[in-house]
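Commentary on secondary and tertiary structure
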Amino acid sequence: MSKKENIRQLFNNIAPSYDRLNHLLSMGIDRLWRRKAVKVLNQEKKPMNYLDIACGTGDFTIDIAEKALAGSRLTGGDISEGMMEIARKKVQRKQPDLEITFQYVDCEDMPFADRSFDRISVGFGVRNFENREKGLQEVCRVLKDDGIFVILELSIPQNRLLRGLYHFYFYKMLPCIGGMISGNKGAYTYLPDSVGKFPAPHAFKAILERCGFNEVTVRSLSCGICHMYVCRKRA
């Protein structure tokens, strides 16, 4: 089975418990990271067309929508229908006035025309791309000239003490807690493994530049537990 199909099945399986576990295991700090990213995405005060890739259960998409100006259009895309079904219910329950479309989107073959979106985001999903560079090239293709692409991605802290605590929590505690609550220990073993295999920030910055983004800035968040990449596509 391909990595893409494995990822689809994995997230479909853990979808019912995903939100509860995600906020528990991150101790809520993921909300702070998303708020910082939303500020970057919405710096320009005008209606825009947004795409949130690997949107999962929709938290990032909803955060963006709540701060977007009237007249903006928002699309959340994912390959897991189980995750998006929860996203749709969440919008109807909490924010029924938000106009968000959730649809199947394969990041490596997106069903959108060139230069369709002013802003594109992906929160903690780039490491799940089967062909990372192909997916990033697709993002560049559907992003408008002078558009902005914002990525949030987990990373391994450089501080030795913090890195030791991080490894203990991520590789020992997280799979046990996640497995107990979700019934799928493998899913929460995959998470730290995928973070450990992800390129270091300077290496990922080079990949982004190679994929067509000619202005990339990198910001360390929470002592390097997360990094935010802000990419601008110049004409």
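1. Section: the sheet that holds strand 4 (residues 117–123)
The pairing of strands in a sheet happens through backbone hydrogen bonds and is either parallel or antiparallel. Overall, mixed pairing links the seven strands, which are arranged 3-2-1-4-5-7-6 in an open sheet. Each end of this open sheet is capped by a strand with a single partner; those strands are strand 3 (100–104) and strand 6 (215–221). Within this sheet the neighbouring strands show an average axis-to-axis angle of 15°, counted without direction. Sitting on the sheet, helix 5 (residues 132–142) touches strand 1 (49–53), strand 4 and strand 5 (143–154), and the angle it makes with strand 5 is about 145°.

2. Structural notes on unusual backbone geometry
A positive phi is found at Arg115, a non-glycine position, where the angle reads about 55°. Tracing the backbone through its elements, the reader meets Arg115 in the loop between strand 3 and strand 4. Although it is not a glycine, Ser222 sits at a positive phi angle of roughly 50°. Mapped onto the elements, Ser222 comes out in the loop between strand 6 and strand 7 (226–232).

3. Examining the pairing of strand 7
Across the seven residues that make up strand 7, a large majority, six, are buried. Note that strand 5 and strand 7 share seven bridges and pair antiparallel. Along strand 7, the bridge assignment pairs Glu153 with His227. Of the strand pairs in this sheet, strand 6 and strand 7 are connected by seven bridges, and their pairing is antiparallel. Bridge pairing links Ser220 to His227 in strand 7. Hairpin remark: strand 6 followed by strand 7, antiparallel, with four residues in the connecting loop; positive phi at Ser222, about 50°.

4. Observations concerning the packing of aromatic side chains
Evaluation of the coordinates by the stated rule reveals seven aromatic pairs. Here Phe11 and Tyr18 contribute two aromatic rings whose centre-to-centre distance is 6.2 Å and whose plane-to-plane angle is 70°, an arrangement assigned as edge-to-face. Classification of Phe11 by relative accessible area gives buried; the value is 17%. Take Tyr18: its relative accessible area is 22%, and that puts it in the partly exposed class. Each ring, one from Phe112 and one from Phe117, has its centre 4.9 Å from the other, and the planes form 85°; the classification is edge-to-face. Taken as a pair, Phe112 and Phe117 share a single burial class, namely buried. Among the aromatic residues, those joined into a ring-pair cluster are Phe198, Phe204 and Tyr229.

5. Here's the deal with the pattern of salt bridges
Oppositely charged side chains can pair when the atoms bearing their charge come close. Under the defined criterion, the tally for this structure stands at 23 salt bridges. Between Asp59 and Lys90 there is a salt bridge, with the nearest N and O atoms lying 2.7 Å from each other. Residue Asp59 is found in helix 3 (residues 59–67), and its partner Lys90 is found in helix 4 (residues 81–94); the two are separated by 31 residues along the sequence. Comparing Asp59 with Lys90 shows no difference in burial state: the two are buried. Note that Asp118 is salt-bridged to Lys144, the shortest N-O span being 3.3 Å. Highlighted residues: Asp118 in strand 4 and Lys144 in strand 5, separated in sequence by 26 residues. In this structure Asp118 comes out as buried when scored by relative accessible area, which is 13%. Through salt bridges with shared partners, a single ionic network connects Lys4, Asp106, Glu108 and Glu130.

6. Some remarks on a positive patch on the surface
Together, Arg31, Arg35, Lys39, Lys45, Lys67, Arg93, Lys94 and Arg219 line one region of the surface with positive charge. For the positive patch, the secondary-structure elements that each account for two or more residues are helix 2 (29–41) and helix 4. At three residues, helix 2 tops the list of elements feeding residues into the positive patch. Turning to its location among the elements, Arg31 is positioned in helix 2. By relative accessible area, Arg31 is classed as partly exposed at 38%.

7. A few points about the pairing of strand 1
Taking burial as the measure, the five residues of strand 1 include five buried ones, the bulk of the element. Looking at chain direction, strand 1 and strand 2 (residues 73–78) are connected through five bridges and run parallel. Across the sheet, Asn49 pairs through a bridge with Arg73, a residue of strand 2. Relative to strand 4, strand 1 runs parallel, the two being bridged by four bridges. Paired with Leu51 across the strands is Ile120, a residue of strand 4.

The rules behind each value
Residues numbered from 1 in each chain as written. Predicted model: local features only at pLDDT ≥ 70, side-chain atom pairs only at ≥ 80, totals over all residues. Heavy atoms only, no water. Pairing = 2+ DSSP bridges. Helix = DSSP H or I, 4+ residues; strand = E, 2+ residues; numbered from the N terminus. Axes fitted to C-alpha atoms, helices over the stretch in contact; angles between N-to-C directions. Contact = heavy atoms within 4.5 Å. Buried < 20%, exposed > 50% of the residue type's maximum accessible area, 1.4 Å probe, protein only. Phe/Tyr/Trp six-rings, centres within 6.5 Å; stacked < 30°, edge-to-face > 60°. Salt bridge = Lys/Arg side-chain N within 4 Å of Asp/Glu carboxyl O. Patch = residues over 30% accessible without salt bridge, like charges linked within 9 Å, V, L, I, M, F, W, Y side chains within 5 Å. Areas by Shrake-Rupley, 256 points an atom, 1.4 Å probe, with all protein chains shown as cover. Lys, Arg positive; Asp, Glu negative; His and termini not counted. Charge placed at Lys NZ, Arg CZ, Asp CG, Glu CD.

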